[in-house]
Amino acid sequence: SQQGEEDPQALSIQEGENATMNCSYKTSINNLQWYRQNSGRGLVHLILIRSNEREKHSGRLRVTLDTSKKSSSLLITASRAADTASYFCATDDTGGFKTIFGAGTRLFVKA
Amino acid sequence: EAQVTQNPRYLITVTGKKLTVTCSQNMNHEYMSWYRQDPGLGLRQIYYSMNVEVTDKGDVPEGYKVSRKEKRNFPLILESPSPNQTSLYFCASSQGATEQPQHFGDGTRLSIL
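Cut-off values and rules
- Residues numbered from 1 in each chain as written.
- Chains lettered and ligands numbered in written order.
- Predicted model: local features only at pLDDT ≥ 70, side-chain atom pairs only at ≥ 80, totals over all residues.
- Heavy atoms only, no water.
- Phe/Tyr/Trp six-rings, centres within 6.5 Å; stacked < 30°, edge-to-face > 60°.
- Helix = DSSP H or I, 4+ residues; strand = E, 2+ residues; numbered from the N terminus.
- Buried < 20%, exposed > 50% of the residue type's maximum accessible area, 1.4 Å probe, protein only.
- Pairing = 2+ DSSP bridges.
- Axes fitted to C-alpha atoms, helices over the stretch in contact; angles between N-to-C directions.
- Polar contact = N/O pair within 3.5 Å; in protein donor to acceptor, adjacent residues only side chain to side chain.

Peer 1: Before we go on, may I ask you to explain the packing of aromatic side chains in this structure?
Peer 2: Pairs of aromatic rings are described using the distance from one ring centre to the other and the angle between the two planes. Within the structure shown, the criterion is met by eight aromatic pairs over all chains. Look at Phe101 of chain A and Phe104 of chain B: their rings are 6.2 Å apart centre to centre, the planes differ by 80°, and that puts the pair in the edge-to-face class. One end of the pair, Phe101 of chain A, is in strand S10 (residues 99-101); the other, Phe104 of chain B, is in strand S10 (residues 103-104), on a second chain. When sorted by exposure, Phe101 of chain A lands in the same class as Phe104 of chain B, which is buried. With centroids separated by 5.9 Å and ring planes inclined at 65°, the aromatic side chains of Tyr64 of chain B and Tyr89 of chain B adopt a geometry described as edge-to-face. Taken together, the positions of Tyr64 of chain B in the loop between strand S6 (54-57) and strand S7 (65-66) and Tyr89 of chain B in strand S9 (residues 87-94) put the pair 25 residues apart, joining distant regions of the chain. Following the ring pairs from residue to residue traces out a cluster consisting of Tyr35 and Phe101 of chain A together with Tyr35, Phe90 and Phe104 of chain B.

Spelled out as structure tokens, the structure:
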């Protein structure tokens, strides 16, 4: 089955810097979502972008979607120590009922 | 408060002893799902349910059963647990299928010896 794959696997930055994470997937999708997970906790939804959208903003988050390259990126601007977490992209399968998560990017923001 | 509640949060058990992990949501969501999370593999979907009495397999359904007799509850059943089912499990719900954000429970950490 298709899978979103995040890149990089881990990222360490200083507070105030921007963090960019990428997600690639294999088959056509209806939408793509980004989630955050604090250590060992449940995932929290960040943003959803539909296949007919190219860019979406929510606060300090900016998500882009390039369906021709089957890729998405999540940009966190002016990062804070509280942004330290794992970030996952999730896509639907071609039928639209299954959810496929990537392996995630671990972000560490140093104060 | 809108929430997805899983129980138990932690469980250590032995091979072959049937167990059930409960999941309940109070948001009247139609879509519910179970995932397992293993290091380096992200979350993998075990089963999902589109509505009451409608369930289907995700990517890793072997060794698991589910039922959806009521809209709010979606228990995960391990009839004969084995050590390779040691994992962190999450239940999630959403109003629609994959076109809506999913709300996750806090997780259940299962250790099967």
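Peer 1: Explanation requested: the sheet that holds strand S1 (residues 5-7) of chain A in the structure shown.
Peer 2: Backbone hydrogen bonds hold the strands of a sheet together, and the pairing may be parallel or antiparallel. Residues and elements named next belong to chain A. Taken in spatial order, the five strands make up an open sheet running S1-S3-S8-S7-S6, and their pairing is antiparallel. Edge positions in the sheet fall to S1 and strand S6 (55-58), since each has one partner strand and no second. The average angle at which neighbouring strand axes cross in this sheet is 20°, direction not considered. Sheet analysis places strand S7 (residues 61-66) next to strand S8 (residues 71-76), joined by six bridges and oriented antiparallel. By the bridge assignment, Leu61 is partnered in S8 with Ile76.

Peer 1: Would you explain the environment of Asn38 of chain A in this entry?
Peer 2: Residue and element names in this part refer to chain A. Structurally, Asn38 can be placed in the loop between strand S4 (31-37) and strand S5 (43-50). You can call Asn38 partly exposed: its relative accessible area is 28%. In the structure, Asn38 is positioned 49 residues away from Tyr87 in sequence and 8.9 Å away in space, judged by C-alpha atoms. Among the polar contacts listed, one links the side chain of Asn38 to the side chain of Arg36, at a separation of 3.5 Å. Reaching out from Asn38, the side chain makes a polar contact with the backbone oxygen of Thr84 at a distance of 3.4 Å.

Peer 1: Explanation requested: the pairing of strand S9 (residues 85-92) of chain A in the structure shown.
Peer 2: Each regular strand carries side chains that alternate between the two faces of the sheet. All names here are of chain A. Of all the eight residues making up S9, eight are buried; the element is thus mostly covered by neighbouring parts of the structure. Here S9 shows two buried faces, one formed by Ala85, Tyr87, Cys89 and Thr91 and the other by Ser86, Phe88, Ala90 and Asp92. Bridge count between S4 and S9: six bridges; the pairing is antiparallel. Paired with Gln37 across the two strands is Ser86, which belongs to S9. Pairing of S9 with strand S11 (residues 105-110), which is carried by three bridges, proceeds in the antiparallel orientation. Pairing of Ser86 across the sheet is with Arg106, part of S11.

By themselves, these observations are geometric and do not establish any function.
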